[in-house]
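Secondary and tertiary structure notes
Each chain, written out:
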Amino acid sequence: TQGEDNSSAFITKYRTCRRQMRECSGEADHHEGMSSDDELTPTEVTEFQKSKDNVLEDSRKVFEDVHADFCDIRKILLKFQEWKEKFPDSYCDAYISFCLPKLLNPLIRVQLINWNPLEQNFTELEEMPWFRAIQEFSDAKNVSESK
């Protein structure tokens, strides 16, 4: 197709230009295949950004019909904490510690859709609200078990 031909021509032209620059500068330690010539064309960058924006927009709609108490990790964990405090035997018999990862997985995954650890100013996992909520829940669980 036309777009692939333009992309291929751009990459070939770009490689040739870089090779000529290396030859002029006297870089002799270049090994074929070791350079990063995977730069995207402006059209590909635009298409990628548009596609990414569409995915992010769709991800915001995933839980739009869910009551706020059931799509907020902190609120969900609070309900489990209350259950554990009021009915510890029932909580233990239900093996909640094994269920929570599967229960929270979809909520966490939606929050991680836009996370990219390769970006310069990415948010550390430990700083994300869902991580803190789970950490607080675990700390509260450990405190109540030590009583």
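As recorded in an unreviewed UniProt entry, the protein goes by the name GC-rich sequence DNA-binding factor 2, listed as coming from Spheniscus mendiculus. One UniProt comment on the protein, placed under Sequence similarities (unreviewed entry), says "Belongs to the GCF family."

Membership of the largest hydrophobic core comes to 14 residues, with the highest contact counts inside it found for Ile73, Leu77, Phe80, Tyr91, Leu100, Leu104 and Phe137. When residues of this core are traced back to their parent elements, those giving at least two are helix H3 (73-86), helix H5 (96-112) and helix H6 (129-146). Sort the elements by how many residues they give to this core and H5 lands first, with 5 residues. Once residues within four sequence positions are removed from consideration, Phe137 is found in contact with Leu77, Phe80, Gln81, Tyr91 and Leu100.

To continue, consider H3. The terminal C-alpha atoms of H3 lie 20 Å apart, and with 14 residues this matches the ideal 20 Å at 1.5 Å per residue to within 8%. When we look at burial in H3, the residues that qualify are Ile73, Ile76, Leu77, Phe80, Gln81 and Lys84. Summarising the axial view, the buried residues of H3 lie within an arc of 140 degrees, below the 170-degree limit, and thus occupy one face. Within H3, the exposed residues directed more than 90 degrees away from the buried face are Glu85 and Lys86.

Considering all chains together, one arrives at 2 salt bridges under this definition. Ionic pairing is found between Glu136 and Arg74, a salt bridge with its closest N-O pair at 2.4 Å. Here Arg74 lies in helix H3 and Glu136 lies in helix H6, a separation of 62 residues in the sequence. The exposure class assigned to Glu136 is partly exposed, which follows from its relative accessible area of 44%. Classification of Arg74 by relative accessible area gives partly exposed; the value is 40%.

Parameters and conventions
Residues numbered from 1 in each chain as written. Predicted model: local features only at pLDDT ≥ 70, side-chain atom pairs only at ≥ 80, totals over all residues. Heavy atoms only, no water. UniProt positions renumbered as here; feature names shortened; annotations may be inferred. Core = buried A, V, L, I, M, F, W, Y, C linked by side-chain atoms within 4.5 Å. Buried < 20%, exposed > 50% of the residue type's maximum accessible area, 1.4 Å probe, protein only. Helix = DSSP H or I, 4+ residues; strand = E, 2+ residues; numbered from the N terminus. Contact = heavy atoms within 4.5 Å. Expected span 1.5 Å × (residues − 1). Arc of directions from axis to C-beta. Salt bridge = Lys/Arg side-chain N within 4 Å of Asp/Glu carboxyl O.

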